[in-house]
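Observations on chain architecture
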Amino acid sequence: MFRTALRNVLAHKARLLMTVLAVMLGVAFVSGTLVFTNTISDAFQKSSEKGFTGVDIAIQPHRDGDSDDKGKPGEAPKLTQGLLDKVAKVPGAARATGSVSGFAAISDKHGKLVGEGFNSSGANYYPGADGKDTRYPMTSGRAPKAAGEIALDTRSADRAGYKVGDTVRISVDGPVLEQKVTGVFATDDGNVAAGGSLALFDTATAQKLYAKPGEFSQIDMQAAAGTTQTALKERLDKILPRDAEATTGKKLADDQAAAIARGMDGMKTGMLTFAGISLFVGIFIIANTFTMLVSQRTKELALMRAVGASRRQVTRSVLIEALVVGAIAAVAGLLAGIGIGAGLRALMNGTGATVPDGPLVISPNTILTSLVVGVVVTVLAAWLPGRRAAKIPPVAAMNSVHAVATTRSLVVRNSIGGVLSAAGALLTVVADNESMLGLGAGLLLIGVFVLTPLLSRPLIAAAAPVLRVFGISGKLARQNAVRNPRRTAATASALMIGLTLITGLTVIAGSVQQAIDKMATDAIKADYVISMATRTPLSPDVEKKLAALPDVTATSPLRNSPSRIDGDSEYLTGVNGKTIGSLTKLDFTTGSLAGLSGGKAVVDDDTAKRHGWKPGSSFTATYEDGKQGKLTVSGVYEGNELMKGILLDKATLAPHQTEITDMQVMVKTKAGTSDATKDTLEKALGDNPAIQVQDKKDISESIAKMISLMLNMLYGLLAMAVIVAVLGVVNTLAMSVFERSQEIGMLRAIGLDRKGIKRMVRLESLVISLFGGVLGIGLGVFFGWAAGEQIASSLATYELALPWGRMALFLGLAAVVGVLAALWPARRAAKLNMLSAIKAE
């Protein structure tokens, strides 16, 4: 039986090729994902380890919960120069270096940001007794020594074209600072390796920008020769204050490596999910292929049964074929996946998303996973056709080439499909959480797949008037499409799954975009919103500069500060109580913004409900400086994604803030929105590339760009499932042509020409593909609506928006799939010799 199975694989190479390709693509997706994520993760981990090469111990502020020992919600413990001098004298310490760092955006010579904005940072150069900071060896020039001087990392200097002596424009929290480049340095900093930038200031300047004079954010220590990290840590623990802690360099590197791994887990899970979808679609093709192979070899299998082969042996022979096919596909998929992983990395570097240098990582786990996935998926998909083949009685099989499904089996299938569909639809409609929605969607999808043979007849019959236009070829195409409903169902379902997901995501994305547009229009009356491009805080000087402009009529910051209320952590938002009413349009259930000053505050409905507040309610807030104040609710408004929380006058909040910064500044102008007004605001802020000046349209467009980017990524990932579905249609048609060789020969003999045969096969493919497309788009719209009901509970402006244009495009895509998939099978059918075909069995 083993030799028979191998012979059958070799005898049906062409018929099994599409199955191999389908499995190979799924495995390639899996192995490519694992190679890519492992390579990126390994590169970042090694890069981060280099960054800790000179750090044996790091002393950092230590926090317990949300507040320090005095109960202040937001104040960080201090690492002073006195503490640095003290730890430097500990036995076994070779060097102690004070570090202070924060955000620093560097502008190139064309006014654009250098590097990845979120990884743009600034730090201090801390010279030792020899006048050098070993962390940052200078490749040219010297280290910064005074205010107005700066050193750049080599990558950023090369990208921007800066050299020693040039003047650079940088921004830390809004206002532009002009600095002279005194040196260029090399660094192993992980953020720089990942495409970011690093600017160095002298210590006094860095402390002024990022902390307070004489304070550091971290103290790095090197152990003397013969002293271990653990021994030095034990000595430091004895002298450090309670609000500081020592951590070994090894633990820091391990923690950062774990954080990188966690960050990659989300990407890995997402990509593997889509790989799983491709493999799931591939299961239909595998099952369909082996079902047709078994059907075509019914007489052969019956003969084997007649000469003594048991049912188990027949099933085993089919599974051995699947094992061989799966093994070949898995190996090919693994090799293709390694290429995909390398290609994705090169693509990231090509698009500017710099990745640290490192080798391509092909772990034993990747190899094992790829091989197991390919073999197991193929064998499992072939098990049911193999089991069905073993059940055919030898005599019945010898008398009939085709085993027709019994009425009982069809009734059972339709009953199961109906129950699953009803249960899935009900769960999807009543779902109040994501888990229930996912379960309902899964059940409904499976139920529709089970019912697809039943649905195929009426839906394909609806295309009869159109097919009549093509004469006898159209009539034969329709009859062929419904001749074997199970086969048609399996073929169409592969395409249905891909289009269901694509349509559902498009419906959700379009509806969310419409909701955000409506929210921006409804909630903001300001002409412009000013913020840092990296969402870091703005200096309060930004609002002062804008308020001083003659064209500006009103400004208000949005200024966040942590607090504790009734034992809970709550953020307070400071605004200009006099102008906020003219800059926002909040829907109040009770009260208003009028007279927002002193101890008055307005709160969103969720916060009010959580604390049981209403207008007139008073509560005590513990500010970030540890002091307490009594606030009175003067209004309750409906919160949204743009504005929510506790709002109070900035004059009430400012005295309690350790550092005053703004997250956003809202601006109203005399002339409203125009290019000239925007230019005026940007020039007032020094044409700073790190600052965004956005009107409502800009806000909507920036969010739309993010949604489009996400959608395009998802389309790209789902494209693999569509490609697998195309292979399924090609495979089914090719095998169907082989199965119907006699019939095609007879059609040719009675007068149907080659062009008519080609048209028949193409129309059959088109009908099957459109059938899958209609089901997929219909299910996608339903799932999009159901998911939208969940989103609407947290996004008040959400309404279902059907993307009719894109849905028509998806249906057109299904038609194109059908036409392309039929090219080879139709050509093959037309080239059949009619006499040889008539004599074929």
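For the structure, see preceding data.
Read on for an overview of the structure. Keep in mind that what you see is a predicted model, and the values were worked out from it rather than measured.

Moving on to the overall build of the chain. When helices and strands are tallied, the chain shows 28 helices and 24 strands. In terms of overall dimensions, the chain has a C-alpha envelope of 100 × 70 × 50 Å along the principal axes. The buried share among the 841 residues of the chain stands at 50%. Of all intrachain contacts in the chain linking residues separated by at least 6 positions in sequence, the fraction that spans at least 24 positions is 81%. Counting only carbon and sulfur atoms, one obtains 60% of the accessible surface of the chain, whose full area is about 38000 Å². Charged side chains of the chain number 89 positive and 70 negative; the gap between the two group centres comes to 15 Å.

Below, the discussion takes up the packing of helix α25 (residues 754-792) against helix α27 (residues 823-830). Contact pair α25 / α27: the axes reach a minimum separation of 8 Å and the direction vectors enclose 145°. Crossing of α25 against α27: the hand is right-handed. Residues Arg754, Ile757, Lys758, Val761 and Arg762 of α25 touch α27, and the partners they reach there are Pro825, Ala826, Arg827, Ala829 and Ala830. Class assignment for the residues of the contact of α25 with α27 results in six nonpolar, no polar and four charged.

Let us look at α27. Every buried residue belonging to α27 is among Pro825, Ala826, Ala829 and Ala830, and all of these are buried. Viewed end-on, α27 has its buried residues packed into an arc of 130°, placing them on one side of the element.

It is worth spelling out the pairing of strand β8 (residues 149-153) at this point. For β8, the tally of buried residues reaches five of five residues, placing the bulk of the element in the interior. Residue alternation in β8 divides its side chains into two sets, Glu149, Ala151 and Asp153 and Ile150 and Leu152, and both sets are buried. Bridge analysis of β8 against strand β10 (residues 176-185) gives five bridges, and the strand direction is parallel. Residue pairing across strands places aspartate 153 opposite phenylalanine 185, the latter belonging to β10. Bridge count between β8 and strand β11 (residues 197-202): two bridges; the pairing is antiparallel. Considered in β11, the bridge of leucine 152 is made with alanine 199.

Another aspect to go through is the nonpolar core. Among the nonpolar cores identified, the biggest contains 96 residues, and Val281 and Met666 are the most heavily contacted of them. Discounting residues that sit within four places of it in the chain, valine 281 has contacts with Ala494, Ile497, Ala721, Val724 and Ala725. Judged by nonpolar contacts, the second largest core, of 19 residues, contains Leu79, Leu84, Ala223 and Leu240.

Here we take up the packing of aromatic side chains. With the rule as written, the count across this model stands at eight aromatic pairs. Summarising the aromatic geometry, the rings of tyrosine 126 and phenylalanine 216 are spaced 6.0 Å apart at their centres and angled 75° between planes, so their arrangement reads as edge-to-face. Of this pair, tyrosine 126 sits in the loop between β6 (120-125) and β7 (138-141) while phenylalanine 216 sits in strand β12 (residues 215-216), placing them 90 residues apart in sequence. Each member of the pair, tyrosine 126 as well as phenylalanine 216, carries the same accessibility label: buried. Members of the aromatic cluster, joined through ring pairs, are Phe782, Phe783 and Trp785. The ring of phenylalanine 449 has arginine 413 sitting right over it, with the charged end atom 5.8 Å from the ring centre.

Attention now goes to the pattern of salt bridges. Counted by the stated rule, this structure contains 12 salt bridges. A salt bridge links arginine 135 to aspartate 220; the shortest N-O distance between them is 3.7 Å. With arginine 135 in the loop between β6 and β7 and aspartate 220 in strand β13 (residues 218-223), this pair connects stretches of sequence that are 85 residues apart. On the basis of relative accessibility, which here comes to 22%, the residue arginine 135 falls in the partly exposed class. The residue glutamate 570 makes a salt bridge to arginine 610 at a minimum N-O spacing of 2.5 Å. Remark: arginine 610 occurs in helix α20 (residues 605-611) and glutamate 570 occurs in strand β17 (residues 568-575); sequence separation between them is 40 residues. Relative accessible area serves as the criterion here: at 9%, glutamate 570 is assigned to the buried category. What you see here is one network of salt bridges that share partners, running through Asp133, Arg135 and Asp220.

Trans is the prevailing form of peptide bonds, just as negative phi is the prevailing case for residues other than glycine. The phi dihedral of aspartate 566 is positive, around 55°, even though this residue is not glycine. The exposure class of aspartate 566 is exposed, given its relative accessible area of 55%. Phi at aspartate 687 is positive, roughly 50°, even though this residue is not glycine. In this fold, aspartate 687 is placed in the loop between α22 (675-684) and β24 (691-694). Residue classification places aspartate 687 among the partly exposed residues on the basis of a relative accessible area of 42%.

So, on to the environment of glycine 645. Mapped onto the elements of the fold, glycine 645 is located in the loop between β21 (628-637) and β22 (646-649). Linking glycine 645 and lysine 755, residues 110 residues apart in sequence, is a C-alpha distance of 70 Å. Here glycine 645 is in contact with Val602, Val603, Asp604, Thr607 and Tyr637, once residues within four sequence places are set aside.

This part covers the side chain of threonine 506. With respect to the secondary-structure elements, threonine 506 resides in helix α17 (residues 485-523). At 2.5 Å, the side chain of threonine 506 and the side chain of tyrosine 715 are in polar contact.

The next thing to look at is the environment of glutamine 218. Locating glutamine 218 in the fold gives a position in strand β13. As a C-alpha pair, glutamine 218 and serine 107 span 111 residues in sequence and 27 Å in three-dimensional space. There is a polar contact of 3.0 Å between the side chain of glutamine 218 and the side chain of glutamine 60.

This part takes up the packing of helix α16 (residues 471-483) against α25. Each pair of packed helices can be summarised by the angle the axes make with each other and by the distance between the axes. For the pair α16 and α25, the least separation of the axes is 8 Å and the interaxial angle reads 45°. Relative to α25, the element α16 lies oblique. Between α16 and α25 lies a crossing whose hand is right-handed. Of α25, the residues touching α16 (which contributes Ser473, Gly474, Leu476, Ala477, Asn480 and Ala481) are Gly756, Arg759, Met760, Leu763, Glu764, Val767 and Ile768. Class assignment of the residues belonging to the contact of α16 with α25 gives a composition of seven nonpolar, four polar and two charged.

What follows covers the side chain of glutamate 624. As for its position among the elements, glutamate 624 is in the loop between β20 (618-622) and β21. Looking at glutamate 624, the relative accessible area reads 6%, which means it is buried. Of note is the side chain of glutamate 624, whose polar atom sits 2.7 Å from the side chain of serine 561.

The next point concerns helix α24 (residues 741-749). Those residues of α24 that fall on the buried side of the exposure criterion are Ser741, Ile744, Gly745, Leu747 and Arg748. Looking straight down α24, one finds its buried side chains confined to an arc of 160°; they lie on one side. Trailing α24 by a residue or two, glycine 751 shows a phi angle of about 120°, which is positive.

Rules used in this analysis
Residues numbered from 1 in each chain as written. Predicted model: local features only at pLDDT ≥ 70, side-chain atom pairs only at ≥ 80, totals over all residues. Heavy atoms only, no water. Helix = DSSP H or I, 4+ residues; strand = E, 2+ residues; numbered from the N terminus. Buried < 20%, exposed > 50% of the residue type's maximum accessible area, 1.4 Å probe, protein only. Contact = heavy atoms within 4.5 Å. Areas by Shrake-Rupley, 256 points an atom, 1.4 Å probe, with all protein chains shown as cover. Lys, Arg positive; Asp, Glu negative; His and termini not counted. Charge placed at Lys NZ, Arg CZ, Asp CG, Glu CD. Axes fitted to C-alpha atoms, helices over the stretch in contact; angles between N-to-C directions. Left-handed = near helix turned anticlockwise from the far one by under 90°. Nonpolar A, V, L, I, M, F, W, Y, C, P; charged D, E, K, R; others polar. Arc of directions from axis to C-beta. Pairing = 2+ DSSP bridges. Core = buried A, V, L, I, M, F, W, Y, C linked by side-chain atoms within 4.5 Å. Phe/Tyr/Trp six-rings, centres within 6.5 Å; stacked < 30°, edge-to-face > 60°. Lys NZ or Arg CZ within 6 Å of the ring centre and 35° of its normal. Salt bridge = Lys/Arg side-chain N within 4 Å of Asp/Glu carboxyl O. Polar contact = N/O pair within 3.5 Å; in protein donor to acceptor, adjacent residues only side chain to side chain. Parallel < 35°, antiparallel > 145°, perpendicular 65-115°, else oblique.

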